[in-house]
Amino acid sequence: MNSNHVGSLYPDSFGSIAVGTSNPPIPMGNTGNAIATIATIGTSYIVRRITASNANGSIAAANVTIFTSNDGNLANAVSNATVLSNITGTTKYQDLALTANTATTIYSGSLFVCVNTGAAANNTVDITVYGDVVTL
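This report concerns the structure included in the present document. (Residues numbered from 1 in each chain as written. Predicted model: local features only at pLDDT ≥ 70, side-chain atom pairs only at ≥ 80, totals over all residues. Heavy atoms only, no water.)

## Structural notes on the overall build of the protein chain
- For the protein chain, the helix and strand inventory stands at zero helices and nine strands.
- The N-to-C order of helical and strand elements in the protein chain reads β-β-β-β-β-β-β-β-β.
- Along the longest, intermediate and shortest principal axes, the C-alpha atoms of the protein chain span 50 × 30 × 20 Å.
- The burial tally for the protein chain puts 40% of its 136 residues in the buried class.
- Counted over contacts in the protein chain with a minimum sequence separation of 6, partners at least 24 positions apart contribute 77%.
- Counting every atom, the protein chain has about 6,800 Å² of accessible surface; 50% of that belongs to carbon and sulfur. (Helix = DSSP H or I, 4+ residues; strand = E, 2+ residues; numbered from the N terminus. Buried < 20%, exposed > 50% of the residue type's maximum accessible area, 1.4 Å probe, protein only. Contact = heavy atoms within 4.5 Å. Areas by Shrake-Rupley, 256 points an atom, 1.4 Å probe, with all protein chains shown as cover.)

What follows is the structure in structure tokens.
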């Protein structure tokens, strides 16, 4: 394998890749801390963007926050609480606002989705975290 070809490089050689995604899609009808876990790649990573997309219906009333812990402690927030008002159908997406500390923090481990305010019980959404892998 030639080390000078892009196909032989690992994710830590690139910037702004998907470092984690929700699987299966997150149900927006449930509320509480750690409704879903976002498994991430690498042992450490930098968060650059969090995107909610691929909803199966309107989740415009839903309010979500992403944390590094499953207890809802605001000191561990990666994103601000964000109302997903742009996601009114299946072809819409919305980026979540990141906290001020997110820009200067290197994270490790999974992230947790807190649904502060729910939407329709049967509606779901995918949440993808984009960033830079620091170490694999």
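Structure shown, so let's carry the discussion forward.
## Section: the packing of aromatic side chains
- Across all of its chains, the model carries one aromatic pair by this definition.
- Sitting over the face of the ring of Y130, R49 holds its NZ or CZ atom 4.2 Å from the ring centroid. (Phe/Tyr/Trp six-rings, centres within 6.5 Å; stacked < 30°, edge-to-face > 60°. Lys NZ or Arg CZ within 6 Å of the ring centre and 35° of its normal.)

## So, the pairing of strand β9 (residues 124–135)
- With nine of 12 residues buried, β9 is to be regarded as a mostly interior element.
- Taken together, the four bridges between strand β1 (residues 17–21) and β9 define a ladder with antiparallel strand orientation. Residue pairing across strands places I17 opposite G131, the latter belonging to β9.
- The sheet contact formed by strand β2 (residues 26–27) and β9 spans two bridges and is antiparallel. Bridge assignment links P27 to a residue of β9, and that residue is T124. (Pairing = 2+ DSSP bridges.)

## Considerations on the nonpolar core
- Ranked by internal contacts, the top residues of the largest apolar core, which has 27 residues, are M28, I59, L84, V125 and I127.
- Elements supplying a minimum of two residues to this core: β3 (32–40), β4 (44–53), β5 (63–67), β8 (111–117) and β9.
- Residue contacts for I127: discarding those within four places in its chain leaves G20, T21, S22, I26, I38, I50, T51, A52, I66 and V113. (Core = buried A, V, L, I, M, F, W, Y, C linked by side-chain atoms within 4.5 Å.)

## Description of the pairing of β1
- Looking at chain direction, β1 and β3 are connected through two bridges and run antiparallel. Across the sheet, G20 pairs through a bridge with T40, a residue of β3.

## Quick look at the pattern of salt bridges
- A complete count under the given rule lists two salt bridges for this structure.
- A salt bridge links D132 to R48; its shortest N-O distance comes to 2.7 Å. Pair noted here: D132 is in strand β9 and R48 is in strand β4, with a separation of 84 residues, a long-range link.
- On the accessibility criterion, R48 (43% relative accessible area) is partly exposed.
- For D95, the salt bridge identified is with R49, shortest N-O distance 3.7 Å. Of this pair, D95 sits in strand β7 (residues 94–96) while R49 is found in strand β4, placing the two residues 46 residues apart along the sequence.
- Residue D95 is classed as partly exposed on the basis of its relative accessible area of 35%. (Salt bridge = Lys/Arg side-chain N within 4 Å of Asp/Glu carboxyl O.)

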